[in-house]
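Chain and residue survey
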Amino acid sequence: MSTPGHHTPLIDRLPKVRGKLREGARLSKVTWFQVGGPADVMFRPADFDDLADFLKDKPDDLPVTVIGVGSNLLVRDGGIRGVVIRLGRPFTDTLIKDGEIHAGAGALDLNVAQTTQQAGIAGLEFLSGIPGTIGGALRMNAGAYGTEIRDILISATALDGNGMVHTVTPDEMDMTYRHCGVPEDWIFTSAILRGEPGDSDKIAARMAKIQDARAGSQPIKSRTGGSTFANPAPDRAWEVIDAAGCRGLMIGGAQMSEQHCNFMINLGNATALDLEQLGDEVKKRVKNHSGVELRWEIRRIGDRIGHSIIGKDA
C-alpha cells in the first residue's frame, strides 16, 4: 500500500531492517478486543539497534504507531496508516542486577511480577493485576491495588522519533494518575524498577489474592480492553457509570459489562465503531447525570472507515 502523495509502495520506501516487515498486518489478531482494521505495515525489530536504525533512517513523513500486546487498545475499523511497531521477544527479558529489576518494554507485567516473586523481591505484586507490557505501563503510568508504575520506577529508556536514546526518571516523565508526559513519538524500550527484600511465599500469596480479586470482579475471560475510563477523583468510574444506568448498556455487539460496568466487552460481533460509540454514549450519560467528565483510559487509534483520524482524542 502506498501513502498519500506517493506512488511507490510504502514497504519499498522503508529502510532495510534485520527484523520483520509485513504488509497489511491484521491488528484484530493482536488486540484483546479482537476488532480493528489492518496496519499498512507492521515492523517487529530484531533488537534495540535495529529499532534505533529504523527510526533514524525512516522517511520524515512516515506515521509511526507503537503497540504492545493490545490489552488497553482499541484499533479503529479503518486500520492504521504508516508503520505499526510491535516489540517482540528481543524486548521481553527481565533480569535482576544488584537488587534492581531490568525489564524490557515488551515484558508482560505478570511475568515481571512472577520473576521478582521467585527472586524474593516484594513491592511489584500489583503488576500481576495489570494486563499488558512494561512499555504500556510506562506510557500510561498504569496501576492497580493502590500502586502505580511510577512508585517502583528508577528510570526508563526510550528512543525518540529520530532514533536518539533518552534515559529519564519518573519526575522527568511528568507521571501523574494514568498519565505520562513524555513526547508521543518516544518508544520505551526498557525500565529499571525497584523492590524490597521479601519472602517468596508471602509475595506469591499476595499475587494469588490479586488474581482472585480480578477473577471475582472483572470479566477477564471476555474480549475486553480493561478499564475503559480513568477514575474521576474523588469518584470511581464504575460508580458514576452505574448511577447513570449504563451497566449492561449495549450498542451493536458492544456492551458495558454486567460484572464490572467500567469494562467494555465485545460480545462476539462488535466493530471498533460499536465499542467507541458505546464509550462515548456512556461519557454523555454520565455527564448528564452527575456532571462528571469521564476520561478514556483505553487508547483509541487509527482511522474510522471513510475518515482519516489518527490519534487519541479525549
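Please refer to the structure placed before this passage.
Now for a look at the structure at hand. Here the structure is a predicted model, which is why all the values come from computation and not from measurement. (Residues numbered from 1 in each chain as written. Predicted model: local features only at pLDDT ≥ 70, side-chain atom pairs only at ≥ 80, totals over all residues. Heavy atoms only, no water.)

At the junction of Ala233 and Pro234, the peptide bond is cis and its omega measures out at 5° in the coordinates. Note on placement: Pro234 falls in the loop between strand S16 (229–230) and helix H7 (237–243). Positioned with a positive phi, Asp98 is a non-glycine residue whose angle comes to about 50°. Assignment of secondary structure puts Asp98 in the loop between strand S6 (94–97) and strand S7 (100–104). On the basis of relative accessibility, which here comes to 82%, the residue Asp98 falls in the exposed class. One non-glycine residue, Tyr145, lies in positive phi territory at about 55°. On the secondary structure map, Tyr145 appears in the loop between strand S9 (143–144) and strand S10 (147–148). For Tyr145, a relative accessible area of 42% corresponds to the partly exposed category. (Helix = DSSP H or I, 4+ residues; strand = E, 2+ residues; numbered from the N terminus. Buried < 20%, exposed > 50% of the residue type's maximum accessible area, 1.4 Å probe, protein only.)

Turning our eyes to something else, we now look at helix H6 (residues 200–217). End to end, H6 covers 26 Å across 18 residues, agreeing with the expected 26 Å (1.5 Å per residue, within 8%). Regarding H6, the residues found buried are Ile203, Met207, Ile210 and Arg214. Projected onto a plane normal to the axis of H6, the buried residues spread over an arc of 55° and lie on a single side. Opposite the packed face of H6, turned more than 90 degrees from it, sit the exposed residues Asp201, Lys202, Lys209, Asp212 and Gly216. Of the residues flanking the start of H6, the one acting as N-cap is Asp199, its side-chain oxygen 3.0 Å from the backbone nitrogen of Asp201. (Expected span 1.5 Å × (residues − 1). Arc of directions from axis to C-beta. Polar contact = N/O pair within 3.5 Å; in protein donor to acceptor, adjacent residues only side chain to side chain.)

In this section: the pairing of S6. In regular strands, side chains alternate between the two faces of the sheet. Note: S6 against S7, 4 bridges, orientation antiparallel. Each residue of the ladder has a partner; that of Ile96, found in S7, is Ile101. Hairpin geometry of S6 and S7 is characterised by an intervening segment of 2 residues between the two adjacent antiparallel strands and by a positive phi of about 50° at Asp98. (Pairing = 2+ DSSP bridges.)

Let us look at the sheet that holds S7. Neighbouring strands of a sheet are bound in pairs by backbone hydrogen bonds; such pairs are parallel or else antiparallel. One open sheet holds the 5 strands; their spatial order is S6-S7-S13-S11-S12, and the pairing between them is antiparallel. A strand with exactly one partner marks an edge of an open sheet, and here the two such strands are S6 and strand S12 (165–168). On average, adjacent strands in this sheet sit at an angle of 15° to one another, irrespective of strand direction. As paired strands, strand S11 (residues 153–159) and S12 are joined by 4 bridges and run antiparallel to one another. The partner of Ala156 across the bridge, within S12, is Val168. (Axes fitted to C-alpha atoms, helices over the stretch in contact; angles between N-to-C directions.)

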